[in-house]
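Residue-level structure breakdown
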Amino acid sequence: MNKETPKYVGPKPMNRLMNKDEIKIRFDNETASAYSQEDPIYLPDYASTFELLIDCINKTNEPMQVLDLGAGTRNLTMRLLRRNKNCHIRLVDFSKNMLDVVSVVLKEYPNNFTNECNDFTQIDYEEGSYDAVISSFAIHHTRSIEEYTDLYKKIHKWLKPGGIFACVDVVNGFNMQWTIVNGDGWKKYLKDYFNEEKINQIFANYHAEDSQISLPEHMNCLHKAGFTDADILWKRYNFSLYCARK
């Protein structure tokens, strides 16, 4: 699969984090096709990491109920349905613009998904509803340790016994020094594909929109939420795949 150049414009540089309303407006205004790329060049190991996430949760050809938080335009869902056509996946995203693309790109699987336009920090479901909860590059819109813990508590409740939460996202280093090292590693990676202006644009988006925390903080939040079996399956620069089992 050929890697694809990002098409999004992103926010203008600013000296503060965007609030959720601003982020929603941006996603609603920008073309959803910018986020439907299957292997965007600006994210290292993107396709292989998504496949590893699916390896983590997939019960081959067994019926599964899956919840995709911040689903965007279906990247994770598409990969899972290619591997297991007995899944039913609820895609939750607060941007109608993103979800409107889903019915087109998942037309081969009309009975395997449901769209829900909602803020994943505000939703709730019955206890034990899902075999797996997944997310990619979305939970970083959570704005505090307390919000992460509250979200993980809800995810723990929604999962069936033995169910798995799996997330690939941006993360901080253990401290500011390691955060800088991780960011510099990503910049060095990007220099193979982009000029300085484009790299600055990508980082402007990153700093204005994302409020990531460190992997030790994620592990602590997951344990506080009730997960006793959590692990880090992959990390490169400021990106990671981490999972937890109920």
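Since we're looking at a predicted model, the values are computed, not measured. (Residues numbered from 1 in each chain as written. Predicted model: local features only at pLDDT ≥ 70, side-chain atom pairs only at ≥ 80, totals over all residues. Heavy atoms only, no water.)

**Focus: the overall build of the protein**
Counting secondary structure elements, the protein contains eight helices and seven strands. Residue burial in the protein is summarised as follows: out of 246 residues, 54% are buried. A sequence separation of at least 24 residues applies to 73% of the contacts in the protein between residues at least 6 apart. Summed over all atoms, the accessible surface of the protein reaches about 11500 Å², with 50% contributed by carbon and sulfur. (Helix = DSSP H or I, 4+ residues; strand = E, 2+ residues; numbered from the N terminus. Buried < 20%, exposed > 50% of the residue type's maximum accessible area, 1.4 Å probe, protein only. Contact = heavy atoms within 4.5 Å. Areas by Shrake-Rupley, 256 points an atom, 1.4 Å probe, with all protein chains shown as cover.)

**Describing the layout of surface pockets**
Estimates place the volume of the largest pocket at around 270 Å³. Looking at the largest pocket, it is lined by 17 residues, and the ones nearest its centre are Asn 172, Thr 179, Tyr 206, His 207 and Gln 212. Elements represented by at least two residues in the lining of the largest pocket include exactly helix H6 (176-190) and helix H7 (196-209). Taken together, the residues of the lining of the largest pocket break down into five nonpolar, nine polar and three charged. (1 Å grid on protein atoms, 1.4 Å probe; cavity = no way out; pocket = protein on both sides within 12 Å on 5 of 7 lines; lining within 4 Å. Points joined across faces, edges and corners; volume = space filled by probe spheres on them. Nonpolar A, V, L, I, M, F, W, Y, C, P; charged D, E, K, R; others polar.)

**Brief notes about empty space enclosed by the protein**
For the structure shown, the criterion picks out two cavities of 30 Å³ or more. There is about 40 Å³ of room inside the second largest cavity. Looking at the second largest cavity, the residues that line it are Leu 43, Pro 44, Asp 45, Tyr 46, Thr 49, Phe 50, Phe 137, Val 168, Trp 234 and Phe 239. The element contributing the most residues to the lining of the second largest cavity is helix H2 (residues 46-57), with three residues. Along the lines of polarity and charge, the residues of the lining of the second largest cavity split into eight nonpolar, one polar and one charged.

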